[in-house]
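This is what each chain is made of:
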Amino acid sequence: AGPPDNIADAQRLAGYRDALAAHGAMAEQVVAGDFGEQSGMAAAASLLAGPRPDAIFARNDLMAIGFLQALKEAGLRVPADIALAGFDDIPISRFVDPPLTTVGVPIAELGRQAVECCLEMLATGAAAESRTFTPDLVVRASCGGGNPDRPDSRPMKGDAQHDLRTV
């Protein structure tokens with residue numbers, strides 16, 4: 001997880017929990033982090049001290065990359081031993097080994113629309129408005145399933161056999 005006062009991270013946690021509930025997935029364990037690679041590595045050490053999970057969802061790609069490094073150092077294989085996914089689809093995510101499954105958000109579009117909204121508010125005095133963006137699941141090798149050429153594939157169905165953890 002990211003910092004406790006981060007609104008975006010709180011929304012990611014809510015979405016994660018909703019997905020677990022919708023698919024009847026088992027245990028959830030949340031480990032605090034700070035969105036950096038080192039906190040991903042620390043989270044890996046924490047989670048690997050107990051029963052090994054089947055899958056990890058890191059709430060940003062940098063923590064997932066730190067987690068990936070810690071798994072390699074522990075002699076574990078991704079996705080054969082643990083499936084891994086991140087969030088943000090940062091450019092380096094496709095170049096790590098294995099390439100990271102991630103949730104992509106339209107960062108440039110978010111920024112463009114935020115600036116447009118601010119300019120409109122300044123020019124017209126209009127009230128702020130809320131806009132919702134739909135993220136894309138970008139399936140790559142780290143989750144162990146799906147077609148990496150089809151970002152719309154959803155390989156993990158979240159059946160009760162999966163023990164999902166989030167960092």
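Residues numbered from 1 in each chain as written. Predicted model: local features only at pLDDT ≥ 70, side-chain atom pairs only at ≥ 80, totals over all residues. Heavy atoms only, no water.

1. Side note on the overall build of the protein chain
Of the regular secondary structure elements, the protein chain holds 4 helices and 5 strands. Listing each helix as α and each strand as β along the protein chain from the N terminus yields α-α-β-α-β-β-α-β-β. In the protein chain, buried positions account for 39% of the 167 residues. Contacts in the protein chain between residues far apart in sequence, at least 24 positions, make up 69% of those at least 6 positions apart. (Helix = DSSP H or I, 4+ residues; strand = E, 2+ residues; numbered from the N terminus. Buried < 20%, exposed > 50% of the residue type's maximum accessible area, 1.4 Å probe, protein only. Contact = heavy atoms within 4.5 Å.)

2. Description of the pattern of salt bridges
Note that side chains of opposite charge can pair when their charged atoms are close. Applying the stated criterion to the full structure yields 7 salt bridges. Among the salt bridges present, the one from D9 reaches R59, with a minimum N-O distance of 2.9 Å. Here R59 lies in the loop between β1 (55–57) and α3 (61–73) and D9 lies in helix α1 (residues 7–23), a separation of 50 residues in the sequence. The residues D9 and R59 share a single accessibility class, namely buried. With a shortest N-O distance of 2.9 Å, D88 and R12 are connected by a salt bridge. With D88 in strand β2 (residues 83–88) and R12 in helix α1, this residue pair connects regions lying 76 residues apart in the sequence. Grouping residues by exposure puts D88 and R12 together as buried. Taken together, the shared-partner salt bridges in this structure form one network comprising E109, R112 and E116. (Salt bridge = Lys/Arg side-chain N within 4 Å of Asp/Glu carboxyl O.)

3. Regarding the nonpolar core
Formed by 20 residues in total, the largest nonpolar core has its most connected members in I56, F67, L71, L84 and L100. Of all the elements in the fold, those that place two or more residues in this core are α2 (37–48) and α3. Counting 8 residues, the second-largest nonpolar core is a separate cluster that includes L13, F57, A85 and F87. (Core = buried A, V, L, I, M, F, W, Y, C linked by side-chain atoms within 4.5 Å.)

4. Section: the packing of α2 against α3
Two elements in contact, α2 and α3, have axes whose closest approach is 6 Å; the angle formed by their N-to-C orientations is 50 degrees. In this view, α2 runs oblique relative to α3, as classed from their interaxial angle. With respect to the hand of their crossing, α2 and α3 are arranged in right-handed fashion. Together, E37, S39, G40, M41, A43, A44, L47 and L48 of α2 and L62, M63, G66, F67, Q69, A70, L71 and E73 of α3 make up the contact between the two elements. When grouped by side-chain class, the residues that make up the contact of α2 with α3 number 10 nonpolar, 4 polar and 2 charged. (Axes fitted to C-alpha atoms, helices over the stretch in contact; angles between N-to-C directions. Parallel < 35°, antiparallel > 145°, perpendicular 65-115°, else oblique. Left-handed = near helix turned anticlockwise from the far one by under 90°. Nonpolar A, V, L, I, M, F, W, Y, C, P; charged D, E, K, R; others polar.)

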